[in-house]
Amino acid sequence: MQKKKNLLYVFADQWRYHAVGAAREDTVFTPHMDAFAQESVCCTNAVSSYPLCSPHRAALLTGKYPLSCGMWTNCKTGLDISPCLAPQEILISDVLKKHGYDTAYIGKWHLDSSDLNYFAQPENGCIGWDAYTPPGCRRHGFDFWYSYGAMDEHLKPHYWTTEGKREDVSKWSVEHETDILLSYLDNRTKTADSAPFCAFVSWNPPHPPYDQVPDTYLERYAHLDFRANVPDSMRSDDTYHKKMREYYAAVSGLDEQFARIISFLDEKNLKEDTLIVLSADHGDCMGSHGLYGKNVWYEESIRIPLYIGGGALKSAAAVREGRFAAARTQKNPEMPPFVCDALIESCDHMPTLLDMLDIPVPPTVEGMSAADAVAAAYTGKECTHEKKAAFLCMLPGMPELIEPFKKEGLDSKCYGWRGVRTAEATYIIDNGTVPHSEQRRLLYDNVLDPYQLNPVELQAGDPRCEQYESLLRDWCAAHKDFFLFERG
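Source: prediction; values computed, not measured. (Residues numbered from 1 in each chain as written. Predicted model: local features only at pLDDT ≥ 70, side-chain atom pairs only at ≥ 80, totals over all residues. Heavy atoms only, no water.)

Glancing now at the nonpolar core. Leu7, Trp15 and Phe200 are the most contacted members of the largest nonpolar core, which totals 111 residues. The element best represented in this core is helix 7 (residues 238-267), accounting for 13 residues. Setting aside chain neighbours within four positions, we find Leu7 in contact with Ile92, Leu96, Phe197, Cys198, Ala199, Phe200, Thr274, Leu275, Val277, Leu353 and Leu357. Counting 40 residues, the second-largest nonpolar core is a separate cluster that includes Tyr65, Ala390, Ala425 and Leu442. (Core = buried A, V, L, I, M, F, W, Y, C linked by side-chain atoms within 4.5 Å. Buried < 20%, exposed > 50% of the residue type's maximum accessible area, 1.4 Å probe, protein only. Helix = DSSP H or I, 4+ residues; strand = E, 2+ residues; numbered from the N terminus. Contact = heavy atoms within 4.5 Å.)

As structure tokens, then:
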């Protein structure tokens, strides 16, 4: 029997697709990630279905849309009922554990309700949105645990261990979490553990606070370039310049730690048997459209890096090569050599990875495997991917946004915005985040207007809405989303 391949999934928080050298978009220094991109499949149409931490993470790990697993906003404090990933959900870790994998989770989890929702003064010291995930079913099959719920102390992080002990650390979180990963992997080699491993590493930077980044990375960004959709007022703003340098500095820091991981895998002869994924949970506008942060439909917010490589990629591609059409020509010679332009949304990661590892996909999954499209990109062949649209959503989730709706007897979950992203366009229906906002329908041509500066504003019933609106209505009905398409 052929030995099962390992899975290493490394993802950062609030890291947009554009902020890596290999994307040829932002001017950011990431030589080690760029080198990885050259030998991996670059998925150029990977999007975050709900560009917010908890919803994407839930979808990533369950293979279900965020609303299907109850993740309608972040796990937080101040809500009547705070979202929390149920123990009954089937995660990729649960599946791989049953198939003999040794499993590990390191870094930010953010899928449990804050301890402050249950205790005025939690004994474990949790503050803010942070949460302690105890051993057992809420860890969903992860054997090795070195994680926290949600905290933004990048330079002095804390974690809970497999046994539940709290560890407080004085080191940049990205570097420390990489230390822990390498120690975990090294210990496996010393014990001659023959089981395949599945390790998820969740780095918090470049998530704010942007200024919590080692100074050594800041030195590289004395000069800044701006995306075409950054307004002039910000281009001359020193405060914005500082945040932008810090954001890119954090990404360069990620690059240095990613280099350590790849070097270790090479040194220990693990790379050849490992499927390596480099990604993020959502992006950051970082000045585009005059905005910071995420939770909006712009490309800088929803589009994420997704690079799939490692030696196991070759095996997965070889299994499928006979299915594909003749070789194709490279569309953009400036991009990495293996480009997959298939639409991949948050819930597609789980089935894609299981498919590539030759592990059965559970029936609970709502996403679609893109394994054939990834393999075809690697072999230079043509493959028609069936997914033609990704679904996007955002619901008002902060207590201060929900309260005005409650006062008027309105359900805030019917508001926010919903959208469809195809390979060429983004269609949005925006109900706003305050009661009585005027409803808007916006259509962006992402080919002719890649910076989304000139949307077409449409009225309900416009023929140009029909194909998108039909898809969106069907999706909302299927996922018990009571979004208001018609407004009185």
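So, on to the packing of helix 1 (residues 31-38) against helix 7. The geometry of a pair of packed helices is captured by two quantities: the angle between their axes and the separation between those axes. Two numbers describe how helix 1 lies on helix 7: the axes approach to 7 Å, and their chain directions differ by 55°. Relative to helix 7, the element helix 1 is oriented oblique. For the pair formed by helix 1 and helix 7, the contact residues are Pro31, His32, Met33 and Phe36 on the first element and Val251, Leu254, Asp255, Glu256, Phe258, Ala259 and Ile262 on the second. When its residues are assigned to classes, the contact of helix 1 with helix 7 shows eight nonpolar, one polar and two charged. (Axes fitted to C-alpha atoms, helices over the stretch in contact; angles between N-to-C directions. Parallel < 35°, antiparallel > 145°, perpendicular 65-115°, else oblique. Nonpolar A, V, L, I, M, F, W, Y, C, P; charged D, E, K, R; others polar.)

Attention shifts here to the packing of aromatic side chains. The description of two aromatic rings rests on the distance between their centres and on the angle between their planes. Across all of its chains, the model carries 32 aromatic pairs by this definition. Taken together, a centroid distance of 4.8 Å and an interplanar angle of 85° make the contact between Tyr105 and Trp109 edge-to-face. Here the two residues Tyr105 and Trp109 agree in accessibility, since each one is buried. For the pair Tyr105 and Phe142, a centre-to-centre distance of 5.3 Å together with 65° between the ring planes defines the contact as edge-to-face. Pair noted here: Tyr105 is in strand 3 (residues 102-108) and Phe142 is in the loop between strand 3 and strand 4 (144-148), with a separation of 37 residues, a long-range link. Note on Tyr105: relative accessible area 1%, which makes it buried. An aromatic cluster of three or more residues is present, and its members are Tyr9, Phe11, Tyr105, Trp109, Phe142, Trp145 and Phe200. Lys243 extends its terminal NZ or CZ atom over the ring of Tyr292, reaching a point 5.8 Å from the ring centre. Directly above the ring of Tyr17 sits Arg303, whose terminal nitrogen or CZ lies 3.9 Å from the centroid. (Phe/Tyr/Trp six-rings, centres within 6.5 Å; stacked < 30°, edge-to-face > 60°. Lys NZ or Arg CZ within 6 Å of the ring centre and 35° of its normal.)

Before going further, it helps to examine the sheet that holds strand 11 (residues 390-394). Ordered in space as 11-12-13-14-15, the five strands form an open sheet in which the pairing is antiparallel. Because the sheet does not close on itself, it has two edges, and the strands there are strand 11 and strand 15 (456-458). The mean inter-strand angle of the sheet, taken between neighbouring strand axes irrespective of direction, is 20°. Both strand 14 (residues 440-445) and strand 15 contribute to a ladder of three bridges, which runs antiparallel. (Pairing = 2+ DSSP bridges.)

The final tally for this structure, using the stated rule, is zero disulfides. Here Cys75 is not cross-linked by a disulfide; its sulfur's nearest cysteine counterpart is in Cys84, at 6.0 Å. You can call Cys75 buried: its relative accessible area is 0%. (Disulfide = S-S within 2.5 Å.)

Turning next to the side chain of Ser49. Among the structural elements, Ser49 can be located in the loop between strand 2 (41-43) and helix 2 (53-62). Classification of Ser49 by relative accessible area gives buried; the value is 2%. Polar side-chain contacts of Ser49 include one of 3.5 Å to the side chain of Glu345. Leaving out residues up to four positions away in the same chain, Ser49 has contacts with Tyr65, Pro66, Glu345, Ser346, Phe391, Leu392 and Cys393. (Polar contact = N/O pair within 3.5 Å; in protein donor to acceptor, adjacent residues only side chain to side chain.)

Before going further, it helps to spend a moment on the pairing of strand 9 (residues 306-309). Residues of strand 9 alternate between two faces, with Leu306 and Ile308 on one and Tyr307 and Gly309 on the opposite face, all of them buried. Relative to strand 9, strand 2 runs antiparallel, the two sharing two bridges. Looking at the pairing, Cys42 lines up with Tyr307 of strand 9. Bridge count between strand 8 (residues 274-280) and strand 9: four bridges; the pairing is antiparallel. The partner of Val277 across the bridge, within strand 9, is Ile308.

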